[in-house]
Amino acid sequence: DVFQLMKQAAMKKCINKVYSHRPQQSWKNIISIGDSSTEHDALLELVYCRPQQLDRHNEEKLCRCKVVKLHEEPDLTQLTAELDMLLTWL
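Keep in mind the model is a prediction, meaning the values are calculated, not measured. (Residues numbered from 1 in each chain as written. Predicted model: local features only at pLDDT ≥ 70, side-chain atom pairs only at ≥ 80, totals over all residues. Heavy atoms only, no water.)

(A) Quick peek at the pattern of salt bridges. All chains considered together, the criterion is met by 2 salt bridges. Between Glu 39 and Lys 7 there is a salt bridge, and its shortest N-O distance comes to 2.9 Å. One end of the pair, Glu 39, is in helix H2 (residues 37–49); the other, Lys 7, is in helix H1 (residues 2–19), with 32 residues separating them in the sequence. Overall, the relative accessible area of 7% leaves Glu 39 in the buried class. We note a salt bridge from Lys 69 to Glu 72, for which the minimum N-O separation is 3.6 Å. On the basis of relative accessibility, which here comes to 46%, the residue Lys 69 falls in the partly exposed class. (Salt bridge = Lys/Arg side-chain N within 4 Å of Asp/Glu carboxyl O. Helix = DSSP H or I, 4+ residues; strand = E, 2+ residues; numbered from the N terminus. Buried < 20%, exposed > 50% of the residue type's maximum accessible area, 1.4 Å probe, protein only.)

In structure tokens:
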């Protein structure tokens, strides 16, 4: 899916920018917020395909990823309610 590949590329660019200040640090926690399953699939594929670093016990440092799925094509009232809910969670 071309849209998923585009999302993956955008997510990777953003994540690399966040973690660029500490090049040896592994990806730890990533949250994606979007209105389609494309975000979900893109994030899972991106994290799955990235080699994970090993800790001092030679175990993989796992990246925890979460996806918040919003309504597709919400009206203004729905979007406002979703954003209000997100603010209480963060």
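We are not done yet, so read on.
(B) Broad picture of the side chain of Gln 8. Among the secondary structure elements, Gln 8 is positioned in helix H1. Excluding its chain neighbours within four sequence positions, the residues that come into contact with Gln 8 are Ala 42, Glu 45 and Leu 46. (Contact = heavy atoms within 4.5 Å.)

(C) Quick look at the confidence of the model for the chain. The predicted model of the chain averages 86 in pLDDT, with 100% of residues at 70 or higher. Looking over the chain, one finds the lowest element-wise mean pLDDT in strand S2 (residues 64–69), namely 86, and the highest in helix H3 (residues 76–89), namely 92. (pLDDT = per-residue confidence, 0-100.)

(D) Seen up close, H3. Under the 1.5 Å per step criterion, the end-to-end length of H3 is 20 Å for 14 residues, consistent within 8% with the ideal 20 Å. Where H3 begins, the side chain of Asp 75 points an oxygen toward the backbone nitrogen of Thr 77, at a separation of 3.1 Å. (Expected span 1.5 Å × (residues − 1). Polar contact = N/O pair within 3.5 Å; in protein donor to acceptor, adjacent residues only side chain to side chain.)

(E) Here's a closer look at the pairing of strand S1 (residues 29–34). Along S1, the buried face is formed by Ile 30, Ser 32 and Gly 34; none of Asn 29, Ile 31 and Ile 33, which line the opposite face, is buried. Relative to S2, S1 is paired through 6 bridges, and the arrangement is parallel. Within S2, the position partnered with Asn 29 by the bridge is Arg 64. Once you follow S1 into H2 and on to S2, the crossover reads as right-handed. (Pairing = 2+ DSSP bridges. Right-handed = clockwise from strand over helix to strand, strands pointing away.)

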